Amino acid sequence: MVHTQRFFIEIAFNGTPYHGWQAQPNAVAVQEVLDKAMSTVFRQAIETVGCGRTDTGVHARQLFAHFDAAAQQPIVDGSWFMDEGGQVELDEKPSTINYEPLTLLRSINALLPHDIAAKRLIPVHAEAHARFDATERSYEYRIHFEKDPFLHNFSWQLRDVPDVGLMNEAAKILMEYIDFSCFSKSNTQVKTNNCKITRAEWVEQDGKLVFHITADRFLRNMVRAIVGTLMMVGKKEIEPESVREIINSKNRSNAGTSVPACGLYLTAIKYPYL
């Protein structure tokens, strides 16, 4: 008897050559490339559902998607990890399916381009959902100031160092609000613009700046708009307290310009059962 087994797959990718995560006509997206590779490995049509969207050029250190595949018997637990040497290790030995579990991740990675890596396969229960079950998401935005060819497309280069103290003062204000309409792309067809931000902090690292932000959910373009607004504070174009007025206005035109996608990374997704 053949069962339908749901899996989560964890991936990481360099978003530079892709038009974001979600498959779309007339443009190459990460989802399209991943689905094609897994359909070949599983010898059946695989359609993934991602934990959310990323914009063109945005990177991901961790992104989860779920998919269903036919299996000889259901698997309810056990994770398969790809170690640093490219070998597959079993967290717990899962039940047998149509394929040797030690080869699945290796086979998927062999078919993926160099800028997408499959990190983990996780058998989950049939109702598990990569997008709706996520309880927390984290992003980083990276900025550097000296020309560095190894950071091109992976960080935003600025000439002048902004006032980090003022930006962190403004960042704390974000955690006092839940309606972030002012930072949302228009006409996104979401039911609510409410998000609960639990971390918003600039950190200096080796002469560079990294903005860390964590929330239960994010709106489209939200992080890049927040960073653009905080940069206005750091350049002393507006006061930290002006962020309150911007948020209360619920008007995107009052917030800062969206910063380039190259510095943005989706870094972590949390689920209650992973």
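Notes on the structure in this doc start here. Owing to the predicted nature of the structure, the values given are computational and were not obtained by experimental measurement.

1. Things to note about the packing of aromatic side chains
Applying the stated rule across the entire model yields 12 aromatic pairs. With a centroid separation of 5.1 Å and an interplanar angle of 75 degrees, the aromatic rings of phenylalanine 8 and tyrosine 271 are classed as edge-to-face. Of this pair, phenylalanine 8 sits in strand β1 (residues 3-13) while tyrosine 271 sits in the segment after β11 (264-270), and the two are 263 residues apart along the sequence. Phenylalanine 8 sits in the buried class, given a relative accessible area of 0%. By relative accessible area, which is 6% here, tyrosine 271 ends up buried. A centroid spacing of 5.5 Å and a plane angle of 90 degrees characterise the contact between phenylalanine 64 and tyrosine 271, whose relative ring orientation is edge-to-face. Of this pair, phenylalanine 64 sits in strand β3 (residues 59-71) while tyrosine 271 sits in the segment after β11, and the two are 207 residues apart along the sequence. Judged on exposure class, the residue phenylalanine 64 and its partner tyrosine 271 are both buried. Here the guanidinium or amino end of arginine 142 rests over the ring plane of tyrosine 265, the centre of that ring lying 5.9 Å away.

2. Examining the layout of surface pockets
Of the volumes computed, that of the largest pocket is approximately 860 Å³. What lines the largest pocket is a set of 34 residues, and nearest its centre among them are Gly52, Arg53, Arg131, Phe218 and Arg220. Within the lining of the largest pocket, the residues separate by chemical class into 16 nonpolar, 10 polar and eight charged.

3. Concerning the pattern of salt bridges
In the structure shown here, the tally under the stated rule is 10 salt bridges. In this structure, the salt-bridge partner of arginine 224 is aspartate 55, at a minimum N-O distance of 3.3 Å. In this pair, arginine 224 sits in helix α4 (residues 222-234) while aspartate 55 sits in the loop between β2 (49-50) and β3, placing the two residues 169 residues apart along the sequence. Considered together, arginine 224 and aspartate 55 belong to a single accessibility category, that of buried residues. One salt bridge in this structure joins lysine 250 and aspartate 179, with 3.4 Å as the shortest N-O distance. Highlighted residues: lysine 250 in the loop between α5 (242-249) and β11 and aspartate 179 in the loop between α3 (164-174) and β9 (197-205), separated in sequence by 71 residues. Taken together, the salt bridges that share partners define one network made up of Glu176, Glu241 and Arg244.

What counts and what doesn't
Residue positions are given per chain, counting from 1 as you read along its sequence in written order. With pLDDT at 70 or above as the cut-off, local features in this predicted model cover only qualifying residues; side-chain atom pairs require 80 or more to be listed or tallied, and sums for whole chains, interfaces and linings still use all residues. Side-chain numbers come from the whole structure's heavy atoms, not from hydrogens or water. Aromatic pairs are defined between Phe, Tyr and Trp rings, using the six-membered ring for Trp, whenever the two ring centres lie within 6.5 Å; interplanar angles under 30 degrees are classed as stacked, those over 60 as edge-to-face, and all others as tilted. The numbering of helices and of strands both runs from the N terminus, where a helix is a DSSP run of H or I of at least 4 residues and a strand a run of E of at least 2. Only protein chains enter the calculation, and the probe is 1.4 Å; a residue is then buried if its accessible area is under 20% of its type maximum, exposed if over 50%, and partly exposed in between. Here, a charge over a ring means that NZ of Lys or CZ of Arg falls within 6 Å of the ring centre while also lying within 35 degrees of the ring normal. Here a cavity means grid points, on a 1 Å grid over the protein atoms only, where a 1.4 Å probe fits yet cannot get out; a pocket means an open set of points with protein on both sides within 12 Å along at least five of seven lines; lining residues are those with an atom within 4 Å of a point. Grid points are joined across faces, edges and corners, and a volume is the space filled by probe spheres set on the points. Ten residues, namely Ala, Val, Leu, Ile, Met, Phe, Trp, Tyr, Cys and Pro, are considered nonpolar, four, namely Asp, Glu, Lys and Arg, are considered charged, and the remaining ones, Gly among them, are considered polar. In what follows, salt bridge is the name for a side-chain nitrogen of Lys or Arg lying within 4 Å of a carboxyl oxygen of Asp or Glu.

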